[in-house]
Amino acid sequence: GLQKAVSSAGYFRHAEVQPRREEAVDRRVPVYVNLEPYPPNHYTAGAGYGTDTGFRARAGWLRRWVNKRGHRFNLDLFVSQIGNDQTARYTIPLQYFKSETVTVTASRSRVNVRDQDSTLLRLGISHSQVRGSWREVLGLDYRQEDFRVGKQVGRSTLLMPNVNWVRTKANNRIFVTHGSRISLALRGATDAIISNTSFIQGEVEGKLIRRPFGRSRIITRATFGSSVVAKFDQLPATVRYYAGGDQSVRGYAYNSISPVDENGDEVGGRHKIVASLEYEYPIVNKWSAAVFMDAGDAFNQ
């Protein structure tokens, strides 16, 4: 337990825990922990192309420890043909390294896709902890968003409590051949407290990976999300549901599956359902071929 916790903490390049049973006194065993720390700063940069985003580039800076209590600071910058995002995070571990943390997040993001244009400013705080086999994240976000969806133009202010539970089981975190993941999320706002609209939204997502025979894999996933909102036209673009794209229904452009208004503009929906079945077979080294079937929709009724 201690070996795993120290190794996965992200502070140390090498960690070795050695109980010295031969030195035990009065049934107390001394434990020696040898640690080799990472450098305090870690930088990342990359560029590429995605069918959802077009050409894109990313840069990041991680300060692994800000002080002797192990506080962390992250800065991530992302730019693409459809938008950009700048996010800063300050993480405070409470106990047992990553098992319980508090994170403060500030971000600005811009998205411009066909009939959708959004500029979002977000300030949030979250508390993350492990409960049995589940990770629970409780959060509170303050969001200001200027948006255009079709012919609708608006400015949204939301004070949005949210909760997320995730359970992941995998035989190998790098290349899973037998595993599952389930995520349950709930968020909302009320116009009685700061927000200019009221809504509640829930989402369930699941993924299952199995190796039925040989080296092949079967990957299944499904997502269902639903909103209850009285005045849908006041709901900002980033809280509406869309489908389509390489992480949704492949073969359709990013966020192109959506209810449309009288002008034929994609305006998002109250609900979403997406499902996928994929068969993957390795060819050589780390290359594989796959056949898949995706289905999904974003809708109001």
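Rules and cut-offs
- Residues numbered from 1 in each chain as written.
- Predicted model: local features only at pLDDT ≥ 70, side-chain atom pairs only at ≥ 80, totals over all residues.
- Heavy atoms only, no water.
- Pairing = 2+ DSSP bridges.
- Helix = DSSP H or I, 4+ residues; strand = E, 2+ residues; numbered from the N terminus.
- Contact = heavy atoms within 4.5 Å.
- Phe/Tyr/Trp six-rings, centres within 6.5 Å; stacked < 30°, edge-to-face > 60°.
- Lys NZ or Arg CZ within 6 Å of the ring centre and 35° of its normal.
- Salt bridge = Lys/Arg side-chain N within 4 Å of Asp/Glu carboxyl O.
- Buried < 20%, exposed > 50% of the residue type's maximum accessible area, 1.4 Å probe, protein only.

## Quick notes on the pairing of strand β9 (residues 134-149)
Where strand β8 (residues 116-131) meets β9, 16 bridges bridge the pair, whose relative direction is antiparallel. Looking at β9, one finds that Thr119 is bridged to Asp146. The loop that links β8 with its antiparallel partner β9 comprises two residues; one of these, Gly132, has a positive phi angle of about 65 degrees. Direction of pairing for β9 relative to strand β10 (residues 152-170): antiparallel, over a ladder of 15 bridges. Looking at the pairing, Phe147 lines up with Gly154 of β10. A loop of two residues connects β9 with β10, the two strands running antiparallel in sequence, and Gly150 in this loop sits at a positive phi of about 60 degrees.

## A word on the environment of Phe224
Positionally, Phe224 belongs in strand β13 (residues 217-229). Remark: the alpha-carbon pair of Phe224 and Ser156, spanning 68 residues in sequence, is separated by 25 Å. Setting aside residues no more than four positions away along its own chain, Phe224 makes contact with Gly202, Glu203, Val204, Lys272 and Ile273.

## Details of the side chain of Asp52
Position of Asp52 relative to the elements: it lies in the loop between β3 (41-50) and β4 (54-63). Contact partners of Asp52, with chain neighbours within four places excluded, come to Ile82, Gly245, Asp246, Gln247 and Tyr254.

## A few points about the packing of aromatic side chains
The full count for this structure, using the stated rule, is four aromatic pairs. Arg20 extends its terminal NZ or CZ atom over the ring of Tyr32, reaching a point 4.1 Å from the ring centre.

## Observations regarding the pattern of salt bridges
The full count for this structure, using the stated rule, is 12 salt bridges. The partner of Asp76 in a salt bridge is Arg89, and the shortest N-O contact between them spans 3.5 Å. Here Asp76 is found in strand β5 (residues 72-80), whereas its partner Arg89 is found in strand β6 (residues 83-95), with 13 residues between them in sequence. Its relative accessible area of 33% is what places Arg89 among the partly exposed residues.

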